[in-house]
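Fold and contact review
What follows is the residue order along each chain.
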Amino acid sequence: MQDTPQLSSADDDRIAWVRVASVFLPLANPISDAKVLTGRQKPMTEIAILFVEIETRDGHRGLGFSYSKRAGGPGQFAHAQEVAPSLIGENPSDISKLWDKLCWAGASVGRSGLATQAIGAFDVALWDLKAKRANLSLARLLGAHRDSVQCYNTSGGFLHTPLEQLMINTDLSREKGIGGIKLKVGQPDQALDLHRVSTIRKHLGDDFPLMVDANQQWDRPTAQRMCRRLEPLNLVWIEEPLDCYDAEGHAALAQQFDTPIATGEMLTSVAEHWEFIKLRAADYLMPDAPRVGGISPYLKVQALAEQAGLMIAPHFAMELHIHLAATYSREPWVEHFEWLEPLFNERMQTRDGRMLVPTRPGLGLSLSEQVAGWTAQQVEIGQRP
């Protein structure tokens, strides 16, 4: 008779300590897209980051984060602080179980939106911890298909940027080894949009990857006209031409035009993404792991998208999404934004149009000294071992 195998120390390990911090990252310049030019929002001057650090009694640590642009940061922190005690004493490997536990701890305020965005920071930290304990990068732990991912720059293409500077920014991106350029559109004067895009297309050449993002500014008739007029410019995609919840409208555009339609960044649950997938309302789906509640729900979205034959281009937070995009079977894109770089000691590397997947354990990230000065509030739960 065989002896029953003994549980390893990893099986016995338990979460002993959690720190939750609300950090406000200042941006170098106020940022404006179509939502600002049409009066729906004010220029963005900072990003609220929700950091979660988890440590087990055996000394294993994980770092996770979520974020909010404009309002929402204090709300995410308050919710995270309230549900964090649910993790103490739990096995950190039971990530799916812990996601459900955190979700149901605050289920009366919903299973999407701000509540799950707060949970996302815990979920990312648990995956980071698991990968570090295995001494694998997150991409390797999840099962990578590639060591690098196509990347495109967005931060240089906002509407507050004059056309002359746009051309300079595109040149700088190409010199850095970035493989695509995305421009913001959706101005009240559509002729200005078309002029900017056509000028940059001429500047880049006919074949260099170029995308546009309307940030939900068009109604259906306007979107049809603009998609038709943009069709000759050989764009990789037209992003968010309609309201982010208009699945039927996006589906109609995807069926009508050769230029791919991209959307999904504003969706905050697997269920919301499933509606777009069912209707084939996007050629490129753009899930955002922090917004859908972390890596666990993101992987569900990605699996559904893969089954439907869609392409993936996760939104923002390249430091996290580079690992997740690397696990997709079809060639994805990842968005290059420099905005979060001051938070971390490490930098993403780009070469020949692609971003290299970090090989350090976990996310491969550590917090910079500057974070302490930007921290508005923090709380610790439990006892550090």
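Structure: above.
Let me begin by describing the structure that accompanies this report. (Residues numbered from 1 in each chain as written. Predicted model: local features only at pLDDT ≥ 70, side-chain atom pairs only at ≥ 80, totals over all residues. Heavy atoms only, no water.)

With that out of the way, let us pick up the overall build of the chain. Of regular secondary structure, the chain possesses 15 helices and 14 strands. Since a compact globule built from 385 residues should have a radius of gyration of about 21 Å, the 21 Å found for the chain is in line with a globular shape. Along the first, second and third principal axes, the C-alpha set of the chain runs to 70 × 50 × 45 Å. The proportion of buried residues among the 385 residues of the chain is 58%. Considering only residue pairs separated by 6 or more positions, the chain has 73% of its internal contacts joining residues 24 or more positions apart. Here the chain has roughly 15800 Å² of accessible surface; of this, 48% comes from carbon and sulfur atoms. Charge centroids of the chain, computed over 38 positive and 47 negative side chains, lie 1 Å from each other. (Helix = DSSP H or I, 4+ residues; strand = E, 2+ residues; numbered from the N terminus. Rg over C-alpha atoms; globule rule 2.2 N^0.38 Å. Buried < 20%, exposed > 50% of the residue type's maximum accessible area, 1.4 Å probe, protein only. Contact = heavy atoms within 4.5 Å. Areas by Shrake-Rupley, 256 points an atom, 1.4 Å probe, with all protein chains shown as cover. Lys, Arg positive; Asp, Glu negative; His and termini not counted. Charge placed at Lys NZ, Arg CZ, Asp CG, Glu CD.)

Attention now goes to the packing of aromatic side chains. What the rule picks out here adds up to twelve aromatic pairs. With centroids separated by 5.2 Å and ring planes inclined at 90°, the aromatic side chains of Tyr 152 and Trp 237 adopt a geometry described as edge-to-face. Of this pair, Tyr 152 sits in strand E4 (residues 148-153) while Trp 237 is found in the loop between helix H9 (220-230) and strand E7 (238-239), placing the two residues 85 residues apart along the sequence. A single burial state applies to Tyr 152 and to Trp 237, both of which are buried. (Phe/Tyr/Trp six-rings, centres within 6.5 Å; stacked < 30°, edge-to-face > 60°.)

Moving on, we get to the packing of helix H13 (residues 295-307) against helix H14 (residues 318-325). Between H13 and H14, the shortest axis-to-axis distance is 12 Å and the interhelical angle comes to 45°. Considering the angle they form, H13 stands oblique to H14. Remark: the crossing between H13 and H14 carries right-handed chirality. Of the residues in H14, those touching H13 at Ile 295, Tyr 298 and Gln 302 are Leu 320, His 321 and Leu 324. (Axes fitted to C-alpha atoms, helices over the stretch in contact; angles between N-to-C directions. Parallel < 35°, antiparallel > 145°, perpendicular 65-115°, else oblique. Left-handed = near helix turned anticlockwise from the far one by under 90°.)

Moving on to the layout of surface pockets. Each pocket or cavity is described by its volume, and for the second largest pocket that value is around 440 Å³. Forming the walls of the second largest pocket are 19 residues, and the residues nearest its centre are Asn 29, Ser 155, Gly 156, Glu 338 and Trp 339. Put simply, the parts of the chain that give the lining of the second largest pocket at least two residues each are strand E1 (15-31) and helix H7 (163-175). Classifying every residue of the lining of the second largest pocket by side-chain character gives nine nonpolar, eight polar and two charged. (1 Å grid on protein atoms, 1.4 Å probe; cavity = no way out; pocket = protein on both sides within 12 Å on 5 of 7 lines; lining within 4 Å. Points joined across faces, edges and corners; volume = space filled by probe spheres on them. Nonpolar A, V, L, I, M, F, W, Y, C, P; charged D, E, K, R; others polar.)

This part takes up the nonpolar core. If you look at the biggest cluster of nonpolar residues, it comprises 78 residues, and the most contacted ones within it are Val 20, Phe 51, Phe 122, Leu 340 and Leu 343. Contact partners of Val 20, with chain neighbours within four places excluded, come to Leu 50, Phe 51, Val 52, Phe 77, Ala 80, Ala 84, Phe 122, Gln 377, Gln 378 and Val 379. Membership of the second largest hydrophobic core comes to 26 residues, among which are Leu 163, Leu 183, Val 212 and Leu 253. (Core = buried A, V, L, I, M, F, W, Y, C linked by side-chain atoms within 4.5 Å.)

Three or more residues of helix H11 (residues 270-279) are buried, namely Glu 272, His 273, Phe 276 and Ile 277. Each buried residue of H11 sits inside an arc of 140° when the element is viewed along its axis, so together they form one side. Of the surrounding secondary structure, the elements contacted by the buried residues of H11 are helix H10 (247-256), strand E8 (261-263), strand E9 (284-285), helix H12 (289-292) and H13. Looking one or two residues past H11, Arg 280 carries a phi angle of roughly 50°, positive in sign. (Arc of directions from axis to C-beta.)

What follows is about H13. Owing to its 3.6 residues per turn, the α-helix brings residues three or four apart onto one side. Here H13 spans 18 Å end to end across 13 residues, near enough to the 18 Å set by a 1.5 Å rise per residue. Taken together, the buried positions of H13 are Ile 295, Ser 296, Pro 297, Tyr 298, Val 301, Gln 302 and Ala 305. Looking one or two residues beyond H13, the residue adopting positive phi is Gly 309, at roughly 80°. (Expected span 1.5 Å × (residues − 1).)

Side-chain alternation along strand E5 (residues 181-184) places Ile 181 and Leu 183 on one buried face and Lys 182 and Lys 184 on a second face that is also buried. Of the pairings in the sheet, the one linking E5 to strand E6 (residues 210-213) comprises four bridges and is parallel in character. Residue Lys 182 lies in a different strand from E6, and its bridge partner there is Met 211. (Pairing = 2+ DSSP bridges.)

Side chains Leu 210 and Val 212 of E6 all project onto a buried face; the interleaved residues Met 211 and Asp 213 project onto the opposite face, where all are buried too. In this view, the connection linking E5 to its parallel neighbour E6 by way of helix H8 (residues 190-204) has right-handed handedness. Pairing of E6 with E7 involves two bridges; the strand directions are parallel. Paired with Val 212 across the strands is Ile 238, a residue of E7. (Right-handed = clockwise from strand over helix to strand, strands pointing away.)

To continue, consider empty space enclosed by the protein. Summed over all chains, the structure comprises one cavity of 30 Å³ or more. In this structure, the largest cavity spans a volume of roughly 30 Å³. Sorting the residues of the lining of the largest cavity by element identifies H7 and E5 as the ones contributing at least two each. Looking at the lining of the largest cavity element by element, the count peaks at four residues for H7. Residues belonging to the lining of the largest cavity are distributed by class as follows: three nonpolar, six polar and one charged.

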